[in-house]
Amino acid sequence: MPEIAEVARIVHFIRLYLVGKTIASASAIDDSNVFGKVGTTGEAVEAALRGKKVVSAGSQGKYFWITLDKPPHLVMHFGMTGWVHIKGEKTAYTNYYKKMKDSELSQWPPKFWKFQLTTEGKPAVEVAFTDARRFGRVRLVDCPGDDIRNHSPLKENGPDPVIDIDRFTEAYLRGKMNSRHVPVKALLLDQVMISGIGNWVADETLYQAKMHPEQYSDSFSDEEIKTLYESIRYVCQTAVDKLGDSDEFPGHWLFNHRWGKGDKGAAGKLPNGEKLAFITVGGRTSCYAPGIQKKTGQVVPGAKAEPIKAEDMGGKAPVKKSRKQKAESNARDDEALPRKKNRTSKAKKEEDEAGPEVGLSSNRRRSTRLVK
């Protein structure tokens, strides 16, 4: 699932190739998940883009946006498998492209596209938003461009640990940790607390801080919280500076050894000999080094390490869950909502109804008319 670094990467490319350009044409398919679940349609997105000039691009955690010369503006979230492609450019992070076939790299529009646009001028720039599993979201926000972060869904999200260094302080983190009684891994994943931290970033920060993912957030000392704060800033800033290119990540990071869980020949330990283990915390599978990440306070009762099995560790839930349950568990991180003590049954159903649908097949796609 794309996290803070991958989102920063795509914003970099949007600023490089799209900002300052006028959109000559736009096209979108009618997708009730990507557009419909956030109150818009492909047709409305198409109309909002057509003929407009792209003024700026920005991000907050897992969200990113483009502001146009006239509202409404586009605010987007990748969900599990969303991405933005620019024709002729390798916008995706390195490991993703290593898995792609040459035929996929040259295909345009790319598979599972939801909207695409072409700019004026020569050479024209062609951009497409794709999402195979349809947990991504594209919405329209009608406000002045400079005020976009004061509107939903951005205003409900916590500070970005890279962009909002005036808000995301050690004191802020200490206050949130001491006021909650949840596993520290779960707190890091809560987008209302901090924007942009997903599964691998949370595991990396806890590894760097030598903290056990099961330990309750309110059981750490001030010195430990200071260490965690510094680890969050270090990991997020480094990953963003490298634009999410995993080939450029430091060699001592857990990231370089956590993937390929159970694959034949895959490392079950770090280069220094420390063993790796996988444990379920807050419904998410966490990778950690038990010999380094010691428990120093109260921990979640009854949790136990999982045996290493063949499973992709890219942010998925435990093997024992069904495919639908895994998708629902991961998708809950996609949209940070205001907390409410009481939810109506209808609201709960709407929040939890996401399923493991895949991209529309070609014979089911209904593209709106391309207008120039």
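As the structure is a computational prediction, the values presented were derived from the model and not from experiment. Position numbers for residues start from 1 in each chain and track the written sequence from start to end. Residue-level local features of this predicted model are given only where pLDDT is at least 70; pairs of side-chain atoms are given and counted only at 80 or more, and the full residue set underlies all totals for whole chains, interfaces and linings. In computing side-chain properties, one takes all heavy atoms of the structure into account and sets aside hydrogens as well as water.

Let us look at the sheet that holds strand β2 (residues 54-60). Only when DSSP finds a minimum of two bridges between them are two strands counted as paired. Numbering of helices and strands runs from the N terminus; a helix is a DSSP stretch of H or I covering at least four residues, while a strand is a stretch of E covering at least two. Spatial strand order, β2-β3-β4-β8: four strands in an open sheet with antiparallel pairing. The sheet is open, and its two edges are formed by β2 and β8 (137-141), each paired on a single side. When the angles between neighbouring strand axes are averaged without regard to direction, this sheet yields 20 degrees. Looking at chain direction, strand β4 (residues 73-77) and β8 are connected through five bridges and run antiparallel. Angles shown run from 0 to 180 degrees and are taken between the N-to-C directions of axes, each axis being a line fitted to C-alpha atoms and, for helices, limited to the stretch in contact.

This paragraph deals with the side chain of Ser231. Within the secondary structure layout, Ser231 lies in helix α8 (residues 222-241). Here's how the labels work: a residue is buried when its accessible area is under 20% of the maximum for its type, exposed when over 50%, partly exposed in between, all with a 1.4 Å probe on protein chains only. The buried category is assigned to Ser231, whose relative accessible area is 6%. Whether two residues are in contact is decided by their heavy atoms: any pair within 4.5 Å suffices. Sequence-distant contacts of Ser231, that is, excluding residues within four places in its chain, are made with Thr205, Gln208 and Ala209.

On to the pattern of salt bridges. When charged atoms on two side chains of opposite charge get close, those side chains can pair. Here a salt bridge means any side-chain nitrogen of Lys or Arg lying within 4 Å of a carboxyl oxygen belonging to Asp or Glu. Applying the stated rule across the entire model yields 11 salt bridges. Residues Lys114 and Asp31 are paired through a salt bridge, measuring 3.0 Å at the closest nitrogen-oxygen approach. In this pair, Lys114 sits in strand β6 (residues 113-119) while Asp31 sits in the loop between β1 (23-28) and α2 (42-49), placing the two residues 83 residues apart along the sequence. Judged on exposure class, the residue Lys114 and its partner Asp31 are both buried. With its nearest N and O atoms 3.7 Å apart, the salt bridge here joins Lys295 to Glu214.

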